[in-house]
Every structure is written in structure tokens, then in C-alpha cells.
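# Structural overview
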Amino acid sequence: MLQEESDLSLIIAQIVQKLKGSNLYSQLERQAWASLQRPEIKLESLKEDIKEFFKISGWEKKLQNAVYSELSVFPLPSHPAAPPEHLKEPLVYMRKAQGSWEKRILKSLNSMCTELSIPLARKRPAGEQKELLNKWNEMGTDEPDLSLFRPVYAPKDFLEVLINLRNPNYENGDSLSFRTHLGLIQVPLKVKDIPELKECFVELGLNIGQLGIDDSTQVPPELFENEHVRIGQKVLAEQDSAAAQQYIRQGSPTALRAELWALILNISSQPEDVLYYEQLKTNVIQHDLLVDSLIYKDVKLTASNDDYYFVFEDYLYQVLLCFSRDTSVLSHFAFNSASPPKSYIRGKLGLEEYAVFYPPNGVIPFHGFSMYVAPLCFLYHEPSKLYQIFREMYVRFFFRLHSISSHPSGIVSLCLLFETLLQTYLPQLFYHLREIGAQPLRISFKWMVRAFSGYLATDQLLLLWDRILGYNSLEILAVLAAAVFAFRAVNLMEVTSLAAAEAVLADLSTLKVMPLLQIFLFATVT
Amino acid sequence: MVPSSEALLGPGTTAIRCPKKLQNQNYKGHGLSKGKERQQRASIRFKTTLMNTLMDVLRHRPGWVEVKDEGEWDFYWCDVSWLRENFDHTYMDEHVRISHFRNHYELTRKNYMVKNLKRFRKQLEREAGKLEAAKCDFFPKTFEMPCEYHLFVEEFRKNPGITWIMKPVARSQGKGIFLFRRLKDIMDWRKDTRSSDDQKDDIPVENYVAQRYIENPYLIGGRKFDLRVYVLVMSYIPLWAWLYRDGFARFSNTRFTLNSIDDQYIHLTNVAVQKTSPDYHPKKGCKWMLQRFRQYLASKHGPEAVETLFRDIDNIFVKSLQSVQKVIISDKHCFELYGYDILIDQDLKPWLLEVNASPSLTASSQEDYELKTCLLEDTLHVVDMEARLTGREKRVGGFDLMWNDGPVSREEGAPDLSGMGNFVTNTHLGCVNDRKKQLRQLFCSLQVQKKASS
């Protein structure tokens, strides 16, 4: 009891600490001062009256949303004496692996730099600045020579690193037993099995209405859809983050999605936010970073070639270029096992006073990174709002997909969850694929790293991301990957090579996500 | 109301053939007489001049066979030049079908369409009042050149500074089109065309139309786009028209700005023009399927606004077809698949750019290929050479019956988002197209009905 209480007070203290520095705090203060003018505020019961005022005027709701947001994002402290690295990643061998992976990435980046003799950063001459400002809304028309640039790494390079992860304290034993994990990931992390997943994703159950299933053309809308839309509108009217998160587990109606996501992520476009974005834009105009060319290359290679996202090419530059310069992103490294790369001013290598984070936001984009942003362009059209949403999505979810950690939503756990589900519930398929040299993870890895962006049809992807927000976890990606394999199991049993297996699973654009998930979790005989 | 398709050939014995070019004969009969067909399972031959998706569809249709050079045919997907030269002296049996109306240009040539629409509008105003006539205002102000030049100048002077677009009346794929803002520009152009014509006296001066350019198009990702929608007209009198659920939005490859009206590539969104733009990368594929477009709009403007927009688009089809109803020679052998080009402006108002009698059937991508093959398959289902349909169907595959001598309503129980009372039109443009399933159910039930009645 005492332990819980002290934990709670610790959490409260942390959140209060965090919120005190935020804009909301100063707004609340201002509101409180302004409310003194009101007749209902009496000196004798000042505290209660102001609280009452906050409740009525909706400020309490905003505060609630902010607290809820903090709770969702910031991990709970394990022990007051735990060092900060434990917050990033409690397991030593994971930290080490992440560290050496980062070294490799930096080496690759540096060598590309020296090869092409391009500086990591340079100030743009005035003429170039003016030109870029003019072209800001159509940077896609630029066709710089990117042939010499290569992406710093691709998902499959990352997969190789994960495959070689080992826990030095864990002895697998040489003899094969039924416990042996047949997949590529060989670290003992705790992952959920289907009964636990059923509990966790209870709202996806068969007897609960879902968007993505119960809004199909055959189902009369009175059965579920109309009511669901009505509730959604109510949730938006109440502006309650927690309620929105609960609501969206059953999917979001198309017309309400943009607002619901903003509510859940606690994004409200304040003038300060727009100003901040403009500031970032100015940074982009003034300085050119090597990372920019990587971003350009990535967009050209992935989103521009996509049948549906090519239209949003310009938005992608506007978001990603600003994103690399956003130092507020650095704060998420407190709970990310990764660390921002450091660069030193020329000639001052090793001197801490001359160290800067490079890129300023500490995130080096890899091949396919722009696909995290592309689906959001479908929902948000105003650049600063789009930017905020993406940034929040990144620091809550996406970063876990390309850093080595033991977090249940981290990519390692997702891979292990996927493989375990497959091995436990589709053993014949798993064994067959393994025999023909087509380890399932080799195919599904790229789906999970990109959170299925670019593989599913957009409306299906958005339904999937609804659930990611609703459950505040990425585990659904692994479940979906397993469900896809289960769905195509018959065809996969007949293939005899990795290439053939890839071909069977090459096109996911016709899949309906929610029925697959529902069947896999709730309707498969185990 | 359904033209009686007396194809008593039964399933599997339809012959599609193409005649040899007429020489001395005035008439060439087509189609075998009823008696012969019933007995034999003729080897079915077909031929079409179009070597693209249409050929694939025709070749794969069970019981349809290509006809070589000389030979009689029951079905001809012809091109308009053949029609112009041969239709008048070709005799066709009752069951024979051909893919164009004799004078389709009343709808598809820009100057005729404008004339017909203007006349129809006046008639509507007389009969039903200004409000009803205003429903015809989906065509930007157009003037035929050179005969309406003075009217054009008057309008031009009333609206200084706006942009106009000059389009050749009969060309396609964006050829010969240019934009202008000053009268001086067209003076220069007239001089240019005249001077070049001096050398070639035989070629008549081409007719052009000057049309008000829509300066505030709806943009997605900063790009201009137009919609290609398919309408199948089985007859004009009575008007019997079907609307295909799928279609696509064609994007311009470059960002929209009024500053560079000389840059043809920005303003003209025909794929043919885009393909020649230096920016064009075929992998990019600048098309969105209509479903995607509809969803995008719904997430941005809400379902009601989208419903209103699509209702207005339906209105364009109906009014444009009604305006030429009395003019087009409604031969029961004819049907036509039109490609409508629609532009949406920033106020979500749809504008009719033009109607194509021979929409391109060449596929630019895998997705495009599938769309066009399904479109053609369903067209052939509706044309129903196999005489399987009852004629009372409201939906065949991806086609929804839009107009059957009057508006057609959806099934009971459909949600009425338009708020216009209980009538909801039977169109589903940009909606889910589960055509395979529908066709299976349709043909199964038709078979059952047939068995029951025989």
C-alpha cells in the first residue's frame, strides 16, 4: 500500500513538474487571475470557486487531457533510485546493442559525407534562401542530383542486427525441444499469447461493433454505424482525451478522424505552435543539412512512387525538413533506448562544449521514413497541424519501430510476438516456411517497421492506426502480420522458395484489416 | 422501355463480326437470320480495330469469336471514322449492336454541345422556371469561334482580367489548347493560323471554342485534377443511361498557379499531355481511383458535402443527355460509352469540361487495366447480346441504372443524407464496387428464373 502511494505521489510530482513548464500552465494561471473578476468567485471560498469555474469553462477538461497525455507518453518510474539509462532501456545488453548499431549508422553517414565531401551542415547563401522560400510549397518540383546519396540504412539491415541480438545471461541449450523458438529472434522477452491478447483487445471482439466490419455495405447503418457516429460527435463535443481514446478502439468515422486523433494526441493548434513551426521553417531556409538530401532521396524513392501518396509529396518535405531541425524532439530520448548522435564543430573533436546534436532532432532518417508521414497527409492539410500530429505520433509510437529495446511495443518485442504467434498457432506453416528458407519474419519485418504504411490501402491503414492510438500500443502490428500469414496460409503452404513466398504476400492492398484481426484473435480455433 | 433484344441466339452463339469495306453494294446485311442461329453453335468470330483492353475483354468473353476481314458481325466496337463513312449504308438486323450513335457529335463536339445545352436551358426556363434552368449552369461560358466572336468580345470586356481557354472543337488529348488573358493574344493566334492556312488552302479553318477558364479549381496536394467518369447510354428515346461506379481523378504533374498560363502541363490534365511533360515519371502514375478521391473529400468536408457534390455531378449527366435527347438519332442498334470529364472548383461545384465518345481504353497501369477491363465487361453485360437480362435490372456489375425515362431511386432503406425527402438516386459513383459478387448473384437468379419459366 505504502509503495503504491509513494509511487503515485512520485508520478504526480513528475507530471506536475512537466506541466509547470508548459503553455497550459501559464494559460491556467491567466484564467485564474481573470476569473477573480467574476461575481461568483468569493474570497472566502476562493479555491473551490476557482476550481468550479475551471470545471464549467472547460479548462479542467484541458488539464485532464494534458495529464492523460503525459501518463500515456511518459513511462512510469520503476524505482526512484533507478539511473536515467534504465528509463531509456532497463536491459544492459539491449543498450549495448543499440549503442553499437548507432555507431554503425554514424560511421556510414560520416563516410558518405567524406566520400561526397559534403558538409553535415552549411549556411545557405542569401540567393539560395530566397529561392527556397519561393519554392516552399512545391519543393517536389526540385530535382537535385541525388544519385550519389544512398539511404543510411534500410529495414533489412536493421533486421540483421536484431537477428544477432543475444542475451548473455540466457543459455538456450544445444538440444532442440518443444520450447525452442524456431524464428529469427533469439532473445527471451515476454510477449503476449492469444488469450492475453484477447483480454487486451477486448473491444475488437466478435460481439462488439467495429468500423471496418460493421459499416460495410451489407450492414444497415442503424445497427451500429449511426450510433457510433453520434457517440463520436459527442466525444468531440466534450473534448475528452481519455474518452476519445476509448472510443476510437472501435474505429473512427472518416469525417471525425482528424479531430479525434488531434484530441487523443492532445494537439490543439495554438498560435504559439504555428509560430514554432514557422521558426522551424526559417531554420530550414537558412541552413542546409546533409540529412535534407537523405530526406529528399527517401521521398523520391518511396512516397513519390506510391500510387496514392505521390500527391502529397510537397507536404512531406515541409514536414520532414522541419522535423530534422526540431530540438524539442530531443526530449523523447529520455525514454528512447536510442541516443541522439553527436557531432563536433570542426577541429574540436571530443570537446563537449563544441558538441551539437546532429541532426538537431537526433533522428537520422532511413529508407522508408517518409512513409510515416504520408498517411497523415490524408487527414491534415494545414502544414503546422500536420507537423504537430506527426511529431507527436513519432515520439509516442514510431520511434519504437527502429530502436532496439525491450519495450512491449518495441520492434524486437513485435518481431518476437509475431514469430511466437505464428509458431504457436500455425506451426505447420511456420515449419514449412522455415524449411524452404523463407523465415516469415523476413517478409513481415518491413510491414511492421513501417506500421504497414504503403502496404495497405489508405482507408484500411487509417483503421489500423485508429487502434494503435486507441490501445496506445503497437502490438496490433504484430497481430496483423500474423493474421495476414494465417489468411494466406493455404497459398503459402504450396510455395517452395522465399521468392515465391514473397510473391504471395507482395500485394496487401486488397486486405480488409479488421476482419483479419477479429478472425485471428477471436474466431480461430486454438 | 427496354429495346427488345431479339438475339435469339441464346448464350454461347453470338457472332461478332466486321464487314469488309463496302465497294459496290449499297447494303450489306449483318447478322444471321433467326432460324439459322437456333440450330447451330456457330463458331463465333469477332474483330475490333482497337488493340487494347477491349480486345482482351472481347477475346475472353465466352462464346464470342473474332471475325476476320470479310464476314458478318453481330457486334462491332467501331471507331468514329468508320461510323461516319459506313453507318448510313449498312443494314443491321434487329439484334446487331454497334458502339456509337450516328450523330454522337451533338454531345461530344464542344460547339454543338454548347448549342444544345443553351437551347435546352432556354426551354427549361420557359417550362419550369429559372431555378430549374439554373441547374444547367455547369458549363463554363463558351463561345464558338469565329461565328460568335463578337458575343465573346462583349463578355470578355465585361470581365476584364479573367483567364480564357481556347480549345479546338474536335481534337482530343489536349492538342491545340491554350490559355489567354488578353484579346491581343488571340489576335496574334488568328494571324498565325491564317498565315499557315494560306499554304494549305484545302484544309478548312478549324472551329474553336473560347471558354471561361475555371481559375479556382479544387486542389489536392497543390495540384489540379479532373475526374473521368463513365456513362453508358443504351438509348436516347426513351433515355436509358447507366453510371459506372469506378472512375479516376487525373492529376496534373505540377503545382497549380495562374502565373504561368503558358505552361500547358499545369493546366491540362489529360494524361496524354502529362505524359509529355518533362516532369512525368510513368511510375508516378498520376491517377487516383474515385473511391480514394471520395474518401479524401469525406474526411475533409464530411459526408453531407460529398453527397451534395455527387448529386450535382449526377445532374450534369442527366441534363447534358436530356439536352441532346431530341437531336441524336436514337437507333436501337446503337449504344455508347461516354467518358465525361468533370472539374471541381474550390466551392465544391462540379463543372463539365467535355464528353468523349471514344474514351481512351488503353491502360496506363495495372490498376487502370483492371478498371477498364471490368468497365468493358460490364458494358457488354448491359448490352446483353446473350439475352440473359430481364430488362428490369437496376444494377449490373459496376453499372447502376441512373435514368430510365425518369429518375431511378435506390433501394428502400438507403440513408438519405441529402435531406431532400425520400428520393435518393440510384447512383454510387466512387462507392464500393463489389461487381463480381453482384454479377454472380444476378446471373444465378436469372438462371433460376429462366428454369422456372421454361
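Located above this text is the structure these notes cover.
Report follows, based on the coordinates. (Residues numbered from 1 in each chain as written. Chains lettered and ligands numbered in written order. Predicted model: local features only at pLDDT ≥ 70, side-chain atom pairs only at ≥ 80, totals over all residues. Heavy atoms only, no water.)

## What to know about the interface of chain A and chain B
In this assembly, 26 residues from chain A lie in contact with 26 residues from chain B. For the chain A face of the interface with chain B, the top three residues by lost area are Tyr308, Phe310 and Phe378 of chain A, together amounting to 27%. Remark: the boundary between chain A and chain B carries 2 salt bridges. Note that aspartate 459 of chain A is salt-bridged to arginine 292 of chain B, the shortest N-O span being 4.0 Å. Linking chain A to chain B there are 6 residue pairs in polar contact (both at pLDDT 80 or more). Elements that contribute at least two residues to the side of chain A that touches chain B include exactly helix H15 (313-324) and helix H20 (458-471) of chain A. At 3 residues, the largest contribution of residues to the side of chain A that touches chain B is made by H15 of chain A. Of the residues assigned to the side of chain A that touches chain B, the class counts are 10 nonpolar, 10 polar and 6 charged. (Contact = heavy atoms within 4.5 Å. Buried area = accessible area lost by both parts, 1.4 Å probe. Salt bridge = Lys/Arg side-chain N within 4 Å of Asp/Glu carboxyl O. Polar contact = N/O pair within 3.5 Å; in protein donor to acceptor, adjacent residues only side chain to side chain. Helix = DSSP H or I, 4+ residues; strand = E, 2+ residues; numbered from the N terminus. Nonpolar A, V, L, I, M, F, W, Y, C, P; charged D, E, K, R; others polar.)

## Topic: the packing of aromatic side chains
Residue and element names in this part refer to chain B. Inspection of the entire model under this criterion finds 58 aromatic pairs over all chains. Ring geometry for phenylalanine 152 against tryptophan 164: centres 5.0 Å apart, planes inclined by 90°, an arrangement best described as edge-to-face. Of this pair, phenylalanine 152 sits in helix H7 (residues 149-158) while tryptophan 164 is found in strand E4 (residues 164-168), placing the two residues 12 residues apart along the sequence. By relative accessible area, which is 0% here, tryptophan 164 ends up buried. A cation over an aromatic ring shows up here: arginine 294 above the ring of phenylalanine 310, its NZ or CZ 4.2 Å from the ring centre. (Phe/Tyr/Trp six-rings, centres within 6.5 Å; stacked < 30°, edge-to-face > 60°. Buried < 20%, exposed > 50% of the residue type's maximum accessible area, 1.4 Å probe, protein only. Lys NZ or Arg CZ within 6 Å of the ring centre and 35° of its normal.)

## Some words on the pattern of salt bridges
Here the structure, examined in full by the defined rule, presents 43 salt bridges over all chains. Between lysine 61 of chain A and aspartate 240 of chain A there is a salt bridge, with its nearest N and O atoms 3.2 Å apart. In this pair, lysine 61 of chain A sits in helix H4 (residues 59-73) while aspartate 240 of chain A sits in the loop between helix H10 (225-238) and helix H11 (241-247), placing the two residues 179 residues apart along the sequence. Of the two residues, lysine 61 of chain A and aspartate 240 of chain A, neither departs from the other in class, the shared state being buried. Of the charged contacts in the structure, one is a salt bridge between glutamate 386 of chain B and arginine 61 of chain B, with a shortest N-O distance of 3.0 Å. One end of the pair, glutamate 386 of chain B, is in the loop between helix H13 (366-383) and strand E13 (395-396); the other, arginine 61 of chain B, is in the loop between helix H2 (53-60) and strand E1 (75-76), and 325 residues separate them in sequence. Residue arginine 61 of chain B is classed as buried on the basis of its relative accessible area, which comes to 7%. Through salt bridges that share partners, Arg122, Arg124, Glu128, Asp288, Asp292 and Arg325 of chain A make up one connected network.

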